[in-house]
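In case you want the letters, here they are:
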Amino acid sequence: KAGVTQTPRYLIKTRGQQVTLSCSPISGHRSVSWYQQTPGQGLQFLFEYFSETQRNKGNFPGRFSGRQFSNSRSEMNVSTLELGDSALYLCASSSGTEGVGEQYFGPGTRLTVT
Amino acid sequence: ILNVEQSPQSLHVQEGDSTNFTCSFPSSNFYALHWYRWETAKSPEALFVMTLNGDEKKKGRISATLNTKEGYSYLYIKGSQPEDSATYLCAYISGNTGKLIFGQGTTLQVKP
């Protein structure tokens, strides 16, 4: 079974720009969650999508948004980038049938904002 | 704000030593606790998902226990090996929110 894939793996953007990250879950998984990892804050939950609906949301500003498509692939968008958005963004999939289950993580997208 | 705390922050042991870490979480509205291992340059990998008070789970030399009434979980590694070197993360899910709240992790370094 193919694992979770994320594209792109690395990204450099300038303050004020926007960025879209993509995540393809394990086949059959309907839940996709997004996390931000920074050295000071650790892994922080951004949001979770299940069957194209946002089921849970973390404490991030509205500049962070996401969506999920009918094939369970998910995208995350960050608008008006700030320096503090530089981080590793991980997505994870799970079957999702009993809430947030065991997470299968992708390799991450390393975003650098200059 | 729900706090999940892990201790110690880091640990250096010799090959063959047994070790354990602690994860503390709010005891109210418990839904589940996850343990993950995160090796450098890799993705976090699930070790255990625990839901019941008194749960004990084992995978090879690694085991975990859960006490939901007092809000803690222990992760044990028996006979540590260099390949066990990683950051071990616990994550708590509240029945209220359904969100995974991660601790800061315990970084284990096993010296040969």
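Above this text is the structure in question.
Summarised in this report is the structure supplied together with it.

How each quantity is defined
Residues numbered from 1 in each chain as written. Chains lettered and ligands numbered in written order. Predicted model: local features only at pLDDT ≥ 70, side-chain atom pairs only at ≥ 80, totals over all residues. Heavy atoms only, no water. Helix = DSSP H or I, 4+ residues; strand = E, 2+ residues; numbered from the N terminus. Buried < 20%, exposed > 50% of the residue type's maximum accessible area, 1.4 Å probe, protein only. Polar contact = N/O pair within 3.5 Å; in protein donor to acceptor, adjacent residues only side chain to side chain. Contact = heavy atoms within 4.5 Å. Pairing = 2+ DSSP bridges. Buried area = accessible area lost by both parts, 1.4 Å probe. Salt bridge = Lys/Arg side-chain N within 4 Å of Asp/Glu carboxyl O. Nonpolar A, V, L, I, M, F, W, Y, C, P; charged D, E, K, R; others polar.

A few words on the side chain of Thr87(B). All names here are of chain B. With respect to the helices, strands and loops of the structure, Thr87 is situated in strand 9 (residues 86–94). According to the relative accessible area criterion, Thr87 is buried, its value standing at 19%. Within the structure, Thr87 has its side chain in polar contact with the side chain of Thr107 (distance 3.0 Å). In contact with Thr87, other than residues within four places in its own chain, are Tyr36, Arg37, Trp38, Gly105, Thr106 and Thr107.

We now examine the pairing of strand 5 (residues 45–50) of chain B. Across a regular strand the side chains alternate sides, sitting on one face of the sheet and then on the other. Residues and elements named next belong to chain B. In this structure, strand 4 (residues 30–38) lies alongside strand 5, joined through five bridges in antiparallel fashion. Of the residues in strand 5, the one forming a bridge with Arg37 is Glu45. Connecting strand 4 to the antiparallel partner strand 5 that follows it, the hairpin turn spans six residues, and Ala41 within it adopts a positive phi of roughly 70 degrees.

Counting from both sides, the interface comprises 16 residues of chain B and, opposite them, 21 residues of chain A. Counting the surface lost from both chain B and chain A, the interface buries some 1,400 Å², and carbon and sulfur atoms represent 59% of this. Its largest share of buried area at the contact with chain A, chain B owes to Trp38(B), Lys99(B) and Phe102(B), together 32% of the area lost on that side. In this assembly, chain B and chain A are joined by zero salt bridges. Residue assignment for the side of chain B that touches chain A shows that the elements contributing at least two residues are strand 4, strand 5, strand 9 and strand 10 (100–102) of chain B. It is strand 4 of chain B that provides the largest number of residues to the side of chain B that touches chain A, a total of four residues. Here the side of chain B that touches chain A is built from residues that sort into ten nonpolar, five polar and one charged.

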